[in-house]
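Residues per chain are reported as follows:
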Amino acid sequence: MDQLLINPDYPHILSSLIFLPLAGALLMLFIRNEFFARFWALGITTLTAILSVQLVSAFDTTTSKFQFVEQYNWIDSLNIQYVIGVDGISILLVMLTTMIMPLCVLASWSYIKTRVQPFMICLLIMETAMLGVFMALDFVLFYILWEAMLIPMYLLIGIWGGPRRIYASIKFFLYTLAGSILLLVGIIWLYKTNNYSFFIPDMMWQEYSLTAQIYLFLAFFLAFAIKVPMFPFHTWLPAAHVEAPTAGSVILASVLLKMGTYGFLRFALPITPEATTLLMPYVLWLSIAGIIYGGFTALAQQDMKKLIAYSSVGHMGFVTLGIFVLNIEGLEGAILQMVNHGITTGALFLCVGMIYERTHSRDLRSATGVGKYMPVYVTFLTFFALSSFGFPGTNSFVGEFMILAGTFKHSVPLALAAIPGAVLAAAYMLRMLQKIVWGGTDNPDQSWLKDLNLREIIILCPFLFFVFWIGLGPQPFIDLMHISVVNLLEQFHTHQGQAVAAAEFILH
Amino acid sequence: MQFLPELTLLGAALVIFLLSLGKTDTDKMKTFAIGLGAAVFGATLLSFGQEGTLFFDSYKIDLYSQLFKSLITGAMLVVLILGRKLKDIKNSVHPEYYLFMFISVLGLMMLVSSIELLAIFVALELSSFAVYIMVPMRDDSGSYRFQMEAGIKYLLFGVTATGFMLFGMSYMFGLTGSTQLPVVMEKLALLYDQPAAVIAIMMVLAGFFYKLAIFPFHFWVPDVYEGASNETTAFIASVPKLAAVALLIRIVSMVNGEGQVILNILMACAVLSMFYGNLSALVQTDIKRMLGFSGIAHAGFILLGLLTFQLSGYANALYYIIGYVVMNLACFLVICSISSNGENVQINDLSGLHKRSPLLALTLAVALFALAGIPPFVGFMGKFMLLAGALKQGYLILVILAAINTAIAIFYYLSVIRVTFCSDPVNNGRISSSLFTNATAFVLLLIIVIMGVAPQPFINFTTSAVQSIM
């Protein structure tokens, strides 16, 4: 238990973050007025966001231990505990989640017209589950929240989604569930092997046999690669993104996808270090395939949401690339890029949602020339698009640069293979910008369009703020994670005995 | 006092019998039956904590039997409430319907207390024959006589299974010279390497496999579920299964460790039940048939707990069946409320249910998500503990197969939820459900959530109940 740090000043801050939205959702059941329901959801999510600021200000960046830990027995007969904590790897994701939720509520203000209360209940339950996933230090707790999240997300897509919502929601649900079912078997195996304990830090850095590690890694990989999603497990993503309501798309892109990469960092690397080393090349080349594939497919899209969805496949390819080059630049870049992708892609989905609310079409052709009549809108859009392809000065540049630096350190051919992805990103984003900002305005006639209202500007401003903050001064963010990443890598490299032996065996 | 629940039930049955002789006001009859059911449930709860044996040591009252009795009477009470209107049963036979239901429950209550082979047999037959009659009591509205086919199928398969059981019992008696279960099992324990002993045990188990619908004794399920009226199906799908699990645990718990052959057979039955049930359920359009097939799969899961031959495994199986019955009753509550004249409900009939009745839609969705094993509901916790228990014993392949089945099952549950929530109603009429039904739905929902989120007290309870028979 020496990995845990109980912070006496804030004994229940994590639990309050988790349960505040849930309590808000339960009280929402008694709210009859739709107008009030929106304010209630906004209030609850904002309160959670403010609480989380306290969390980050009290976060100790000099230790790699889990902080703000809370530990209670939950199910004694199976030794399942309610134990939560954050470290440098998860704190940024927790912050990302809490910050994005109020904006999601705002983005649904006028978009959702029917069944407002159930929609807000789903959003709030999502927030509880997502925060719990990033904080859980008990594997069963993690799994329960990981799976429970499917229900509200399914409903968000299935009820408030677009025309093909049924197909998309079922595909999303089945893919994710089928992927994580073997994870459950893996969890139980670990429980049995680890002296009947589900405590995650105790499972890390143990001497499992190499065969067991490989099977475990494959179980992890299936679950997390589908969530990321890595090529070729990505096919649920465009469908789900396109059909989901704006808030659903934002949550999917900004938070849900990060759970896959978070899973790799939290579980695959520390629990199966040697299998990771052995299987790393395959994962790396799958990442490259995802980057290139995502880029080319995005280039061919007419549907703006699909374009951004495929660009997500490419961006997340960069993240997995950074994780699996297994050096400090790559890992830190990957975590930073997870946050960046959450900010940038979330903002882009919001932008598409704003157009959709006006023209009721996501088609690129029907949005040509919007720029002339919506100058404020295209200003935002341009900045986010620049950020998306990693323009210097924006957040993604820092992340991608670090990832590529790490990749160069690991292997030059790999890095060269990833470069076209960055070029493709510029190509498809500029193509989109060109049509929207500078396209002709007479076909279709766009003159009736109204520019962003105050609410929409308020939604987009925080995103822009973070785009430039991370782009120009990323150091505070890197400081948050640095010690944890260093510790992760140190431990990782000291647990390579079997992998080295196996590699030598293969070589000779 | 020890025999109070049974006596109350018997008294209730006699009162209904007297009422059935004359002309009765059907509305009053229904309320009266619920009142009697509640009285029986109350009497059972009162008898908690009693211990002792009756009838020359063939009838044992302990925590285990009393727990099952209260579950059985509780489930009966819910079935009485959700099937309150008896929509598809002729008015003139309502008293008789209740009479047979009460008698069947009496048989089941006696069954969970019996520890003597003949007593088990008599109790089982008492409960079965009453249900054989309940199935064809459905009103023959379309003159298709589905209910007759269902009744005959239920009867023939039931009699066959009973035949197996009786045959097995004769072996047991022949091998041990006693009909008292404790004596039989003590002596059989010395003979586990003998084929005769294995055959005897498996044949006795077969009788309960039939009730629980485990492969290969499941053939009656789809047609009986479809042919019987909704209320009867709700009864068959829940109450007898509780008693069947009670007896399975009682018998299997006496096979300790050595029963390798029995273990292999149970494993095969479990895997086949899961795959058969889930794969067949994928293509069903009638929701009762779908629930029937899903029941076969769930029965396979319960075997996972039994074949660990561990106290914790039995306790998990017990926990699982309780959860299963609650989830199932919640589904049937929705089915019975939707079906306006007691006709069968197709899955498409549920479309847009969320607009017609939000509470029923929510109940159905939660129950189905729970059946599918999605956290945080009881179905997940039950499955998780069964899988963990089986893996503790080292049955990795079995656990993987079971996990794969969970993934298959999600599809058909989800497709029901899909039409419930994500499509527009064909029929716009609001479904009026009484306050009574709503309250029951709410209680069932609460149990599903609480058992899933805080399982520890329930596990403690089931563990101590199982402990009392070891």
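Residues numbered from 1 in each chain as written. Chains lettered and ligands numbered in written order. Predicted model: local features only at pLDDT ≥ 70, side-chain atom pairs only at ≥ 80, totals over all residues.

Engineer: Looking at this model, I keep getting lost on the overall build of chain A. Mind explaining?
Structural biologist: Scanning chain A from N- to C-terminus turns up 21 helices and 2 strands. The C-alpha radius of gyration of chain A comes to 22 Å, within 12% of the 23 Å expected for a compact globule of 508 residues. C-alpha extents for chain A along the principal axes are approximately 70 × 55 × 40 Å. Within chain A, contacts between residues at least 6 apart in sequence are counted, and of these 81% link residues at least 24 apart. (Helix = DSSP H or I, 4+ residues; strand = E, 2+ residues; numbered from the N terminus. Rg over C-alpha atoms; globule rule 2.2 N^0.38 Å. Contact = placed C-beta atoms within 7 Å.)

Engineer: Where do I start with the overall build of chain B in this structure?
Structural biologist: A tally of helices and strands in chain B yields 19 helices and 2 strands. Its C-alpha radius of gyration of 21 Å places chain B within 12% of the 23 Å reference for a compact globule of 470 residues. The burial tally for chain B puts 58% of its 470 residues in the buried class. Here the contacts in chain B between residues at least 6 apart in sequence split such that 81% fall between residues at least 24 apart. (Buried ≥ 20, exposed ≤ 12 C-beta atoms within 10 Å, placed from the backbone.)

Engineer: Hey, could you run me through the environment of Ala253(A) in this one?
Structural biologist: In this structure, Ala253(A) sits in helix α11 (residues 246–271). Sequence spacing of Ala253(A) and Thr276(A) is 23 residues, and the spatial spacing of their C-alpha atoms is 26 Å.

Engineer: Help me understand the environment of Met165(B), please; the structure alone is not making it clear to me.
Structural biologist: Residues and elements named next belong to chain B. Residue placement: Met165 occurs in helix α6 (residues 146–176). Taking the C-alpha atoms as reference points, Met165 and Tyr64, 101 residues apart in sequence, are found 23 Å from one another. Dropping the residues within four chain positions of it, Met165 is found in contact with Met203, Val204, Ala206 and Gly207.

Engineer: Mind showing me how you'd approach the interface of chain A and chain B here?
Structural biologist: One widely used convention gives an interface's size as the accessible area the parts lose upon coming together. Tallying the contact residues gives 27 residues for chain A and 24 residues for chain B. Listing elements by their share of the side of chain A that touches chain B, those giving two or more residues are α5 (139–148), α6 (150–160) and α7 (165–193) of chain A. Looking at which element gives the most residues to the side of chain A that touches chain B, the answer is α7(A), with 15 residues. Of the residues contributing to the side of chain A that touches chain B, the split by class is 21 nonpolar, 2 polar and 4 charged. (Nonpolar A, V, L, I, M, F, W, Y, C, P; charged D, E, K, R; others polar.)

Engineer: Mind showing me how you'd approach the pairing of strand β1 (residues 67–75) of chain A here?
Structural biologist: Within a regular beta strand, the side chains point alternately toward one face of the sheet and then the other, so they alternate between its two faces. Residue and element names in this part refer to chain A. One ladder, built from 6 bridges, connects β1 with strand β2 (residues 80–86); its direction is antiparallel. For Asn73, the partnering residue across the bridge sits in β2 and is Gln81. Where β1 folds back on β2, the antiparallel hairpin that results is connected by 4 residues, among which Asn79 adopts a positive phi of roughly 60°. (Pairing = 2+ DSSP bridges.)

Engineer: Whenever I open this one, helix α18 (residues 412–438) of chain A confuses me. Can you help?
Structural biologist: Helical periodicity: at 3.6 residues per turn, an α-helix aligns residues three or four positions apart in one direction. Residue and element names in this part refer to chain A. Taking 1.5 Å per residue as the helical rise, α18 with its 27 residues ought to reach 39 Å, and the 38 Å between its terminal C-alpha atoms agrees with that figure. Taken as a whole, α18 has its buried residues at Ala418, Gly421, Ala422, Leu424, Ala425, Tyr428, Met429, Met432, Ile436 and Val437. Considering only its buried residues, α18 is in contact with α12 (273–299), α13 (304–324), α15 (370–373), α16 (375–388) and α17 (395–410). (Expected span 1.5 Å × (residues − 1).)

Engineer: I'm lost on the packing of α16(A) against helix α19 (residues 454–472) of chain A in this one. Help?
Structural biologist: Helix packing for two helices is described by the angle between their axes and how far apart those axes are. All names here are of chain A. Two elements in contact, α16 and α19, have axes separated by 11 Å at closest approach and are oriented at 30°. Viewed along their axes, α16 and α19 form a crossing whose handedness is left-handed. Counting all contacts with α16, which are made through Val376, Phe380, Phe383 and Ser387, the residues of α19 involved are Ile457, Leu460, Leu464 and Val467. When grouped by side-chain class, the residues that make up the contact of α16 with α19 number 7 nonpolar, 1 polar and no charged. (Axes fitted to C-alpha atoms, helices over the stretch in contact; angles between N-to-C directions. Left-handed = near helix turned anticlockwise from the far one by under 90°.)

Engineer: Teacher, can you tell me more about helix α4 (residues 94–113) of chain B here?
Structural biologist: Between its first and last C-alpha, α4(B) extends 29 Å over 20 residues, near the 28 Å set by a 1.5 Å rise per residue. Counting buried positions over the 20 residues of α4(B) gives 19, a clear majority of the element.

Engineer: Where do I start with unusual backbone geometry in this structure?
Structural biologist: Peptide bonds are mostly trans, and most non-glycine residues show a negative phi. With an omega of 0°, the peptide bond between Phe215(B) and Pro216(B) qualifies as cis. If you check the backbone angles, Asn195(A) has positive phi at about 60° while not being a glycine. The class of Asn195(A) is exposed, set by 9 C-beta atoms lying within 10 Å. Phi at Ala213(B) takes a positive value of approximately 65°, unusual for a residue other than glycine. Looking at where Ala213(B) falls in the secondary structure, it is placed in the loop between α8 (195–212) and α9 (221–227). With 29 C-beta atoms packed within 10 Å, Ala213(B) lands in the buried category.

Engineer: Looking at this structure, I do not really get the packing of helix α3 (residues 88–107) of chain A against helix α4 (residues 116–135) of chain A. What am I missing?
Structural biologist: Residues and elements named next belong to chain A. The interhelical angle for the contact between α3 and α4, taken along N-to-C directions, is 175°, at an axis separation of 9 Å. Relative to α4, α3 is oriented roughly antiparallel. Taken together, the residues of α4 that come into contact with α3 (itself represented by Ser90, Leu93, Val94, Thr97, Met101, Cys104 and Val105) are Leu123, Glu127, Met130, Leu131, Phe134 and Met135. Taken together, the residues of the contact of α3 with α4 sort by class into 10 nonpolar, 2 polar and 1 charged. (Parallel < 35°, antiparallel > 145°, perpendicular 65-115°, else oblique.)

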